[in-house]
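Results of the structural survey
One letter stands for each residue in the lines below.
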Amino acid sequence: MWTTSMTSTWLAGFTVCLSLIVSIGAQNLYVLRQAVSGEHVRACVAWCVFSDALLIGIGVAGMAQVLGDSPTLAYYLTLGGALFLLAYGLMALWRAAMPAGAAPAADADGDAPATSARRGLWRVLGALVVITLFNPHVYLDTVVLVGSIGARQDGSLKWIFVLGAACASLAWFVMLASAGRRLQTLFAKPQAWRVMDGFTGVMMLALAWWVYSGLENIGAA
């Protein structure tokens, strides 16, 4: 039977997770880009929801405490996250600087933008897996922060918390994919892709600096 405590725990997981993922990050921008180009969007959404639930579940199961008790590991995870965001931002700025003719163009029917050679499912998912799992800052958010909050729940309520977090992830990425679909007409223009890449690059560099600036606090701890 579903109880009041289960509802409040589910809401806690939903709220905490949603507050973290509703931000401009590498994973979100990748999914938005795939939604605009119309390439394997459902698979991208499924992976994002699965990876969020998995990492939060790992944190709830005890890894959050392990990482929390190791300032050195937290330091290097944060440093790795800053370097990852820096590299991602520079790559986006490089794409923005490319000639307009090298940017994605519209399909023949004008329905959706497409690259000159559409990428296969495993190539698209492979890039998303790298963006997700090779960004150390993701572990600080999901495993350490959300996982440690979920670990405080009693007994089986821990997994109700994870369920709430997974529902928040699903709601967000479905909304993001829907927004990308609505922007396809705008991104039929190659110049729009350059603007998006420029915005992505600037945001990633700003995030890299923000993450790097937090190293002093971790080192002091």
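Residues numbered from 1 in each chain as written. Predicted model: local features only at pLDDT ≥ 70, side-chain atom pairs only at ≥ 80, totals over all residues. Heavy atoms only, no water.

Notes on the overall build of the protein
Keep this limit in mind: Per the convention used, a helix needs a DSSP run of H or I reaching at least four residues, while a strand needs a run of E reaching at least two, with both numbered from the N terminus. Whether a residue is buried, partly exposed or exposed follows from its accessible area with a 1.4 Å probe, protein chains only, as a fraction of its type maximum: under 20%, in between, or over 50%, in that order. Reported accessibility uses the Shrake-Rupley method at a 1.4 Å probe radius. Residues are deemed covered only where the shown protein chains occlude them.
Looking only at helices and strands, the protein features 9 helices and 2 strands. Sorting the 221 residues of the protein into buried and exposed places 42% on the buried side. For the protein, the accessible area works out to roughly 11,400 Å², and carbon and sulfur atoms hold 69% of it.

Structural notes on the UniProt feature "transmembrane region" (unreviewed entry) in the protein
Short version of the rule: UniProt positions are given in the numbering used here, feature names are shortened, and annotations may be inferred rather than shown by experiment.
The feature "transmembrane region" (unreviewed entry), as annotated in UniProt, sits at residues 12–32, 44–67, 73–94, 120–139, 159–180 and 192–212 in this numbering. Secondary structure content for residues 73–94 is 100% helix and 0% strand, while the C-alpha to C-alpha distance between its ends is 32 Å. From the first C-alpha to the last, residues 120–139 spans 28 Å; its make-up is 85% helix and 0% strand.

As for the packing of helix α4 (residues 71–97) against helix α6 (residues 136–151)
Cut-off, in case you're wondering: Inter-axis angles, ranging from 0 to 180 degrees, are taken between N-to-C directions of lines fitted to C-alpha atoms, where helices are fitted over the stretch in contact. Convention used here: angles under 35 degrees read as roughly parallel, angles over 145 as roughly antiparallel, angles from 65 to 115 as roughly perpendicular, and any remaining angle as oblique. In this description, contact between two residues means that some pair of their heavy atoms is separated by no more than 4.5 Å. Here the term charged refers only to Asp, Glu, Lys and Arg, the term nonpolar to Ala, Val, Leu, Ile, Met, Phe, Trp, Tyr, Cys and Pro, and the term polar to all other amino acids, Gly among them.
Contact geometry for α4 and α6: axes closest at 6 Å, N-to-C directions at 125°. When the axis of α4 is compared with that of α6, the two are oblique. On α6, the residues that touch Ala-74, Leu-77, Thr-78, Gly-80, Gly-81 and Phe-84 of α4 are Pro-136, His-137 and Leu-140. Its residues placed into classes, the contact of α4 with α6 shows 5 nonpolar, 4 polar and no charged.

Thoughts on the nonpolar core
Quick reminder of the rule: We call a set of buried residues a nonpolar core when its members are Ala, Val, Leu, Ile, Met, Phe, Trp, Tyr or Cys and they connect through side-chain atoms within 4.5 Å of each other.
By size, the foremost hydrophobic cluster in this structure holds 41 residues, and its most contacted members are Tyr-30, Ile-56, Leu-128 and Phe-173. Counting residues per element, the ones that place at least two in this core are α1 (4–21), α2 (26–37), α3 (41–68), α4, α5 (121–133), α7 (157–182) and α8 (190–213). With 8 residues, α7 is the largest single contributor of residues to this core.

Concerning α4
What counts here: Here the expected length of a helix is defined as 1.5 Å per residue gap, with one fewer gap than residues.
Compared with the 39 Å implied by 1.5 Å per residue over 27 residues, the 39 Å span of α4 between its first and last C-alpha is a close match. Within α4, burial applies to Ala-74, Leu-77, Thr-78, Gly-80, Gly-81, Ala-82, Phe-84, Leu-85, Tyr-88, Gly-89, Ala-92 and Ala-96.

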